[in-house]
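Tertiary structure, described
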Amino acid sequence: GRPEVAQQLAEAAIEAHPDEATFHEILAAARARNGASPDLVLRSYQRALELDAARTQSMLALARHDAEIGNRASAITRVETFLDANPESGSPEVSRQYAEWLAETGRGEEARDQIRNLLIEDPTDVASALALARWHLDEKGGNPERARIYVQQAQRFGGGDSARDLADRLSEEPNPREGKPAL
């Protein structure tokens, strides 16, 4: 709640330890919250990556900037390069964001594979279950029965209002098990 103090502390930490990537990443986040220029924020994230190429949040911040300025291909390449160099640094947050950019650039099957892999790694991942359920409901080639399975999985692990809303949508759809025509 006091980003200006966080920025001062991060600057002091960098002064004492100029080669500590974590402090540069913290400074970048504090600068962003204080409304610093995007160039200044991005330089701090870039410096963190120069010091430690496995800084996931720094890479993600730079990739998100690429996407925000309309260069999703660059964002995708940045993530792919990062994951190739740091395969152990993948996180659900990175995978979800990566999948979103893949889908936005017409690579929907790769995006779904990313989300499926997240759900395989963590069956309690509500966000991934809901994303797959939505895909099966909204996209051509989707399977309402698969959507039901994913919604049930999300509900089982605390999917809340989002899972309930999708369940309501599904209750309006014919159920193939009941002999009604599928979508």
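Now for a description of the structure that goes with this document. (Residues numbered from 1 in each chain as written. Predicted model: local features only at pLDDT ≥ 70, side-chain atom pairs only at ≥ 80, totals over all residues. Heavy atoms only, no water.)

1. Digging into the side chain of Asp-66
Selection rule: Numbering goes from the N terminus for both helices and strands, where a helix is a DSSP run of H or I of at least four residues and a strand is a run of E of at least two. Only protein chains enter the accessibility calculation, which uses a 1.4 Å probe; a residue is then buried when its area is under 20% of its type maximum, exposed when over 50%, and partly exposed in between. Any two residues whose heavy atoms approach within 4.5 Å are treated as being in contact.
As for its placement among the helices and strands, Asp-66 is situated in helix H4 (residues 56-68). In this structure Asp-66 comes out as buried when scored by relative accessible area, which is 8%. Setting aside anything within four residues of it in sequence, one finds Asp-66 in contact with Asn-71, Arg-72, Ser-74, Ala-75 and Arg-78.

2. Section: the packing of helix H3 (residues 38-51) against H4
To characterise two packed helices, one gives the angle between the axes of the helices and the distance between these axes. Filter applied, for reference: Only the stretch in contact is used when a helix axis is fitted, and all axes are lines through C-alpha atoms; the angle between N-to-C directions ranges over 0 to 180 degrees. We call two directions roughly parallel when the angle between them is under 35 degrees, roughly antiparallel when it is over 145, roughly perpendicular when it lies between 65 and 115, and oblique otherwise. Each crossing is labelled by how the near helix is turned from the far one, with a counterclockwise turn of less than a right angle marking it left-handed and a clockwise turn marking it right-handed. Under the grouping applied here, Gly and all other residues not named as nonpolar or charged are polar, the nonpolar ones being Ala, Val, Leu, Ile, Met, Phe, Trp, Tyr, Cys and Pro and the charged ones Asp, Glu, Lys and Arg.
Direction vectors running N to C along H3 and H4 enclose 140 degrees, while the axes themselves pass 8 Å from each other. The angle between the axes of H3 and H4 places the two elements in the oblique class. Between H3 and H4 lies a crossing whose hand is left-handed. Contact with H3, carried on its side by Leu-42, Tyr-45, Gln-46, Ala-48 and Leu-49, involves Gln-57, Ser-58, Met-59, Ala-61, Leu-62 and His-65 of H4 and no other residues of that element. Taken together, the residues of the contact of H3 with H4 break down into seven nonpolar, four polar and no charged.

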